[in-house]
Amino acid sequence: MLRGIDVSAYQSSAYDTDGVSFVFIKATEGRSYVNPKLTAQVKTARDAGCVVGFYHFLWPANITAQAEYFVGKAPEKSGDLLAVDWETTGDGTHASNAEKDRFIRKVKELQPDHRVVLYANRNYWLNVDTTSYAGDGLWIADYVTAGKPRIKANWRFHQYTDDPLDKNVADFASKAALRAWAESG
């Protein structure tokens, strides 16, 4: 298992990359928010030689506009991962299954050379999701032993804690294997 983290504006731009093979960075949310630390957080990950991923926090409605906003703001390069964060919004709503699926497909259409993955917590995956569509891979949040999420579906990434920050593992034999998978988008 590879170790990784995910960061947003809540974390420092100079986060610790020791022992980290990949970093997911929050890029956008809805159609108006861009992470103010995005550029600096990307530099930290790239300078450490990490595989870089970007994620978009999905809101209901305006799915095509959100996908276009995300790919327009994420400073992606070849081999970077793109992800949709599907969970409850600040106003207690969430994108529907159809909207989640449409967003993933639209991002794939706009960026066909990139892997696009779904981030969902265990409750969403087991109780809200009805399509089991996760694009190129599932990134599951379940705060248990690293690499042992309590789901039956195949997963690529597992967020296993948020203390003191979001820590993840990836089901790849090496960073080179992860990079090769990412580059084969």
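Structural notes, computed from the coordinates.

About the criteria used
- Residues numbered from 1 in each chain as written.
- Predicted model: local features only at pLDDT ≥ 70, side-chain atom pairs only at ≥ 80, totals over all residues.
- Heavy atoms only, no water.
- Helix = DSSP H or I, 4+ residues; strand = E, 2+ residues; numbered from the N terminus.
- Buried < 20%, exposed > 50% of the residue type's maximum accessible area, 1.4 Å probe, protein only.
- Contact = heavy atoms within 4.5 Å.
- Axes fitted to C-alpha atoms, helices over the stretch in contact; angles between N-to-C directions.
- Parallel < 35°, antiparallel > 145°, perpendicular 65-115°, else oblique.
- Left-handed = near helix turned anticlockwise from the far one by under 90°.
- Nonpolar A, V, L, I, M, F, W, Y, C, P; charged D, E, K, R; others polar.
- Core = buried A, V, L, I, M, F, W, Y, C linked by side-chain atoms within 4.5 Å.
- Pairing = 2+ DSSP bridges.

Structurally, Lys-167 can be placed in strand S9 (residues 166-170). Residue Lys-167 is classed as partly exposed on the basis of its relative accessible area, which comes to 28%. Spatially, the C-alpha atom of Lys-167 lies 8.8 Å from that of Ala-146, the residues being 21 residues apart in sequence. When neighbours within four sequence positions are excluded, Lys-167 is seen to be in contact with Gly-4, His-158, Gln-159, Tyr-160 and Thr-161.

So, on to the packing of helix H2 (residues 63-73) against helix H3 (residues 97-110). Two numbers describe how H2 lies on H3: the axes approach to 9 Å, and their chain directions differ by 45 degrees. Classified by the angle between their axes, H2 and H3 sit oblique to one another. For the pair H2 and H3, the crossing hand works out as right-handed. Taken together, the residues of H3 that come into contact with H2 (itself represented by Ile-63, Thr-64, Gln-66, Ala-67, Glu-68, Phe-70 and Val-71) are Glu-99, Arg-102, Phe-103, Lys-106, Val-107 and Leu-110. Its residues placed into classes, the contact of H2 with H3 shows seven nonpolar, two polar and four charged.

Moving on, we come to the nonpolar core. With 40 residues, the main nonpolar core has Val-23, Ile-25, Phe-54, Phe-70 and Leu-118 as its most contacted residues. With near-sequence residues (within four places) excluded, Ile-25 lies in contact with Val-7, Tyr-15, Asn-35, Leu-38, Gln-41, Val-42, Ala-45, Val-52, Gly-53, Phe-54 and Tyr-55. Listed in part, the 17 residues of the second largest apolar core include Leu-2, Val-51, Ala-83 and Ala-170.

This next bit is on the pairing of strand S8 (residues 157-161). Taking burial as the measure, the five residues of S8 include five buried ones, the bulk of the element. Bridge count for strand S7 (residues 137-141) against S8 is three bridges, and the pairing is parallel. Note that in S8 the partner of Ala-141 across the bridge is Gln-159.

All right, on to the pairing of strand S1 (residues 2-7) then. For S1, a buried count of five out of six residues is recorded, marking the element as mostly surrounded by other parts of the structure. In terms of strand pairing, S1 meets S9 through five bridges, oriented antiparallel. Opposite Arg-3, over in S9, you have Val-169 as the bridge partner. Pairing geometry for S1 and strand S2 (residues 22-29), over four bridges, is parallel. Residue pairing across strands places Ile-5 opposite Val-23, the latter belonging to S2.

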